Amino acid sequence: MEQHAVEPEYGMQRVLRQLLAVVEKELRSEFRQRVSAAVTVLTIGVIVVIFALALRGVALSAELFSALLWVVFFLCVSPAVGRSFLAEEERGTRLLLYATTSPGALYWGKLVTNMLIGFLTMLLGCGLLALVLAVPLGGELWALGVLIGVAAVGFAACLTLLSAAIAGAHHRGMLLPVVSVPIVVPLLVPGIEATQLLLEGGRWAAIAPLLSLMLGYGGVIAVVGFWLFEWVWHE
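Residues numbered from 1 in each chain as written. Predicted model: local features only at pLDDT ≥ 70, side-chain atom pairs only at ≥ 80, totals over all residues. Heavy atoms only, no water.

Caption draft 1: Representation of the side chain of S163 within the structure. Mapped onto the elements of the fold, S163 is located in helix α6 (residues 141-165). With residues near it in sequence (within four places) discarded, S163 still touches G82, R83, S84, F85, L86 and L176. (Helix = DSSP H or I, 4+ residues; strand = E, 2+ residues; numbered from the N terminus. Contact = heavy atoms within 4.5 Å.)

Caption draft 2: Seen up close, the packing of helix α5 (residues 103-132) against α6. Following both chains from N to C, one finds α5 and α6 inclined at 135°, their axes separated by 8 Å at the closest point. On the basis of their axis angle, the class for α5 and α6 is oblique. Taken as a pair, α5 and α6 cross one another with a handedness that is right-handed. For the pair α5 and α6, contact is made by Y107, K110, L111, N114, M115, G118, F119, M122, L123 and C126 and by L144, G145, I148, G149, A151, A152, V153, F155, A156, A157 and T160, respectively. Partitioning the contact of α5 with α6 into residue classes produces 15 nonpolar, 5 polar and 1 charged. (Axes fitted to C-alpha atoms, helices over the stretch in contact; angles between N-to-C directions. Parallel < 35°, antiparallel > 145°, perpendicular 65-115°, else oblique. Left-handed = near helix turned anticlockwise from the far one by under 90°. Nonpolar A, V, L, I, M, F, W, Y, C, P; charged D, E, K, R; others polar.)

Caption draft 3: A look at a nonpolar patch on the surface. On the surface, V220, V223, V224, F226, W227 and L228 cluster together into a nonpolar patch covering about 550 Å² of accessible area. Its place among the elements puts F226 in helix α8 (residues 204-234). (Patch = residues over 30% accessible without salt bridge, like charges linked within 9 Å, V, L, I, M, F, W, Y side chains within 5 Å. Areas by Shrake-Rupley, 256 points an atom, 1.4 Å probe, with all protein chains shown as cover. Salt bridge = Lys/Arg side-chain N within 4 Å of Asp/Glu carboxyl O.)

Quick look at the structure:
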């Protein structure tokens, strides 16, 4: 008797279509809600201006600028990336997504969108901080772009699952940066070191191991988040 293979509950093509639909929805929502983008830009601007006023006339070393840059990254990316699932709770669309989208497509769609948002946010923050503090970005400038891209992957992986986990909690907007610190620290340490090496004129070969460490950590967190997401989202 001929046996037919049983199709999975969510075929690969269907999941991919749903994933792209989630990314499109998120990007449209971000561009449509200009208030969110304005708040992100203003947050970056305020933080950079405070640093500029506090450090006026101070000669910045590579170590100090690297630390300040990653403070800007964390303070700006946390609210920008972390609001992905918080916004669904506030808009009342959580149940709609639950009913129409597979957990895998929703998770990876949110993750990809958060990577893009995080990359643009950090790129803007890095440019403004370097411009206001008059710090020359030496070394291989394209390597700094790769570093920001890897950091975007890591931050998105760490914050996407946490955003879903605390979406229903009280004071969730203030809670995310606090609970994310222990998970983000392993990303910050090699990131600050790699930034310092670049500012000191280091070559690609010097920072490649650090970027590999950051990318590997972000990949592990993303996979673990995928495994846990269905349980977190259903709860």
